[in-house]
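What the coordinates show
Take a look at the letters that make up each chain.
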Amino acid sequence: MRKQRDLPVTMYRILLYLSRMKSSEPDSRRLVRIERATSVDRKELRDFLGRMESAELIEPNDTGKVGRGGHPVIHWNITETGRMWRSDIGRFIQLGQRIGMYPESFFYLPSDEF
């Protein structure tokens, strides 16, 4: 049986990471870096990023470069709408923590130190 990922937490982690990395080097917002920081499988992450782009929560920035596999190198940026939704989803997760549905660790990125 395939492990199901919690949708609000996954979206929150992706948006939180992109928000934190906004002022960092563009390389920090590539697919592989987002995958490592959020612990979301690359295939699943591509789907999430595509859907979040369609909802205008994030926007791609094609660098014009080509990766080792021949794919375009894209950096992702969070939009103003994405920042708003990140805050709303964060409040939802906090509510879940208060009523005992989410453990405290759900509010942080897997790469965060406690």
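Below is a summary of the structure that appears in this document.

Concerning the packing of helix H2 (residues 31–38) against helix H3 (residues 42–54)
- Close contact between H2 and H3 brings their axes to 10 Å; oriented N to C, the two are set at 110 degrees. Between H2 and H3, the angle falls in the class roughly perpendicular. Where H2 abuts H3, its residues Leu31, Val32, Ile34 and Glu35 lie against Arg42, Leu45, Arg46 and Leu49.
- A per-class count over the contact of H2 with H3 returns five nonpolar, no polar and three charged.

Concerning the nonpolar core
- Formed by 23 residues in total, the largest nonpolar core has its most connected members in Ile14, Leu15, Leu18, Leu45, Leu49, Met52 and Ile58.
- Counting only elements with at least two residues in this core, the list comes to helix H1 (7–20), H2, H3, strand S2 (72–78) and helix H4 (80–98).
- Ranked by residues supplied to this core, first place goes to H1 with eight residues.
- Once residues within four sequence positions are removed from consideration, Ile14 is found in contact with Thr38, Leu45, Phe48, Leu49 and Met52.

A few points about the pairing of S2
- Two strands pair when backbone bridges link them, and strand S1 (residues 58–66) and S2 are joined in this way by six bridges, in the antiparallel orientation. Paired with Asn61 across the two strands is His75, which belongs to S2.
- Taking the residues between adjacent antiparallel strands as the criterion, S1 and S2 are bridged by five residues, where Gly70 takes a positive phi near 90 degrees.

Analysis parameters
Residues numbered from 1 in each chain as written. Predicted model: local features only at pLDDT ≥ 70, side-chain atom pairs only at ≥ 80, totals over all residues. Heavy atoms only, no water. Axes fitted to C-alpha atoms, helices over the stretch in contact; angles between N-to-C directions. Helix = DSSP H or I, 4+ residues; strand = E, 2+ residues; numbered from the N terminus. Parallel < 35°, antiparallel > 145°, perpendicular 65-115°, else oblique. Contact = heavy atoms within 4.5 Å. Nonpolar A, V, L, I, M, F, W, Y, C, P; charged D, E, K, R; others polar. Core = buried A, V, L, I, M, F, W, Y, C linked by side-chain atoms within 4.5 Å. Buried < 20%, exposed > 50% of the residue type's maximum accessible area, 1.4 Å probe, protein only. Pairing = 2+ DSSP bridges.

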